[in-house]
Amino acid sequence: MDEHPQPDPDPGLSPDPEGAPDCPDARIDAQAAADLDAPPGFKDLDEYFAWLQRLIDGDPGRPEDRPEFRGWADPEPGPPPEPDNLGCGISISLGDATDVDPALLAAMTGPGGLGGMLPAPLFAQEAAADGLRPSPVLAALTERALAGGLARMTEDELIGVLRASVRLANREGWKQELLISEFARRREQAKDAETAAAGGRASFRAGEFPGEELAVELAVSPLAAAEKIANAQDLTRRLPATLAGMADGLIDPYRAAISAEGTQYLSDDDAAAVDRILAAFAPGRRASALARKAAALELKLAPDAVKARKEQAKRDRQRVEAGREKSGNASLAGREMDTADALASHAYICALAARLRAAGVDGPLDALRVRVFAELTQGRNPLDLIRTASVSASDPDPGPEPATAPGAADDDDPGTGSWPAWGPGDPGYDETPDDDTPGAPRREPTPLPALVNLLIPADTMLGWSDAPGQAAGWGLLDRQEITDILRAAAQHPRTRWCATLVGPDGTAVAHACADGRHPWLADITGPPGAPPDPLAPQPQPPPGPQGSHGQRAPNSSGDHGGRDGPDPPQAERLAEIIARLGLTFTPIAKGGCDHGAAEDRYTPSRKLRHLVRARTDRCDAPGCDAPAIHGDLDHTTEYPAGPTCQCNLGPKCRRHHRSKQAPGWKLQQTQPGVMRWTLPSGRVHTTTRTVYDL
Ligand SMILES: [Zn+2]
Ligand SMILES: [Zn+2]
Ligand SMILES: [Zn+2]
């Protein structure tokens, strides 16, 4: 997901961990019920249509004052009353001093200011600064409170300063909305002007990629930047109450985004009414509660738009997403699924897991659900795991149906009888007999195709890297993970093997590719650094030279089994792998280019593509993190003016490949792999070759 330290970006659909029941589908049901719960005064469609008619007739007045909004607004909307006790013997007016004279500010907050006292006591509950609007004065007071020593604050003061700091940050968020909105307005203007000039026929227009441009400056994904732009425009154009709440420090950017996204499909009038309700509700409320309220209002006011949005999301963004957890484990999820499908799949998984548990398979229910999920999606029958609990897999009734199995109704019994008839010929079908150790439900993964790139420190050539491996888009892998992946990959006919030599500075020096299937690799061992496979023949350690010790990559941690360098058998095995793969290395251009690997055609060969991607393993746009392996190779200077050569090629994700061609964007490759990007704003960003963490 994204770069924000934010709560879940989909709060509307995410289960709230607080006091939630165990099964997520129950949570969704409860939430859906809450969302659909109609407010008093708006019980049926007739009333709704009557209200719509009044809207169409231009009925004046605040919509939320009408009966249909009864129960939605807080009893007393609006910001909480200002604290009126500005006690503590200080008589300067701290109220709305957002543009206080800097000299005065210095006098107040300097060593001689504030009567010589530390400001921390001002932040005690209901003291002068507690609840004060964000302003330069409040900012200075919090700075002074911290300078006075955290240890000297009471906890009451500590919390008061913390809350003041949050209000200040919220106001900073307000500034950002204004700035982003103005930036987007200028890009829109440029785009409209160009469209008008070109009669709407230009393939790339100025201002067409404001998200891409902003993403570079904020170091977020273009998608996240586009969302920021859309929200900022909504807030400044249609949601004045929420925007004012941010300026007052009462609403944070995250909650403002919820309100913006929740009103996106409403008419301007509806959005304005909902804005006032949500702005009054948001301060001090949990984001999930705000999201529910926004979703319920939206569903009531624009049910067709909600439906259309769901359909569009299914069309545009439905996918199976594999990702990385913060822990380093992996995740797999179907995104933008049909709700009924998701609930049915989840219920089926729950029922199978409950059945495994009832039949004596060990493990927490959640872990069994994940096991079932993995078995199902790799074309295996999860109920075969029951054999490990001494129940025959051929038994059509492997155990009593647990009474608590969610969704395990009789007519969709997930037992072996209703198991989909997968067999030999189906993708992923595993016809080898299951010879697992009893009690160990974990099994070898299904063969998978992969582009395996062995990263080898060049200064040791056959030395050993303790560094973790990397898989495109998956980040760092530990040695056991690499071993598992390599074993699975070695058995797949589409797997390709490459090796990249990495110089002492961490950049790629040379690359070699091997064609064809090499299943023997699965038998030899894991990758560099992996623990030896106990099943593989162990080469005897030759009387290795002492010099093999210390041939480790720089920065290696060395905390693996007490070894302090590559041991000879491992080095020998790596040498054997390279020899058997028949790898011949081609140098990667650095500094200058002799065009030795240049090709006399537009489309680069696989070999040249690999050289460029080994040099630069991510999209070379600034701030972009898209793996090069999934993207395009772009001629920096268009072919044939620019050659098909390492010095004129760079990997791009699809978005940046397109944005690079838009007016205002400029790209130069000043050296092989050194990319100088000039954005429409005129700001320049340079990216360089990949530095591998070996
Ligand atoms: Zn290669
Ligand atoms: Zn060249
Ligand atoms: Zn990119």
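Residues numbered from 1 in each chain as written. Chains lettered and ligands numbered in written order. Predicted model: local features only at pLDDT ≥ 70, side-chain atom pairs only at ≥ 80, totals over all residues.

### A closer look at the confidence of the model for the protein chain
No. 1: Averaged over the protein chain, the pLDDT score is 72; the fraction of residues at 70 or greater is 61%.
No. 2: For residues 55-61, every residue scores under 50 in pLDDT, and the model assigns this stretch two contacts once sequence neighbours within four places are set aside.
No. 3: Taken together, the stretch residues 75-99 has pLDDT below 50 and engages in 31 contacts with residues farther than four places along the chain or on a different chain. (pLDDT = per-residue confidence, 0-100. Contact = placed C-beta atoms within 7 Å.)

### Concerning the sheet that holds strand β12 (residues 674-678)
No. 1: Strand order in the open sheet formed by three strands is β11-β12-β13, with antiparallel pairing between adjacent strands. Among the strands making up the open sheet, the edge pair consists of β11 (666-671) and β13 (684-687). Between one strand axis and the next, the sheet turns by 20° as a mean value, whatever way the strands run.
No. 2: Note: β12 against β13, four bridges, orientation antiparallel. (Pairing = 2+ DSSP bridges. Helix = DSSP H or I, 4+ residues; strand = E, 2+ residues; numbered from the N terminus. Axes fitted to C-alpha atoms, helices over the stretch in contact; angles between N-to-C directions.)

### A closer look at the pairing of strand β7 (residues 508-514)
Every regular strand shows the same layout, with side chains that alternate between the two sheet faces.
No. 1: β7 sits mainly inside the fold: five of its seven residues count as buried.
No. 2: With six bridges joining them, strand β6 (residues 496-502) and β7 adopt antiparallel strand pairing. Counterpart to A499 in the pairing with β7 is A512.
No. 3: The loop that links β6 with its antiparallel partner β7 comprises five residues; one of these, G506, has a positive phi angle of about 90°.
No. 4: Strand direction decides the pairing type here: β7 and strand β8 (residues 586-587), joined by two bridges, are antiparallel. Bridged to H511 within β8 is T586. (Buried ≥ 20, exposed ≤ 12 C-beta atoms within 10 Å, placed from the backbone.)

### Digging into the pairing of β12
No. 1: Side chains M675 and W677 project from β12 onto a buried face, and the interleaved V674, R676 and T678 project onto a face without burial.
No. 2: Across five bridges, the pairing between β11 and β12 is antiparallel. Paired with L667 across the strands is W677, a residue of β12.
No. 3: Linkage of β11 to β12, two consecutive antiparallel strands, is achieved through a turn of two residues, within which G673 is found at a positive phi near 85°.
No. 4: Where β12 hands over to β13, the hairpin turn is made up of five residues, of which G682 adopts a positive phi near 95°.

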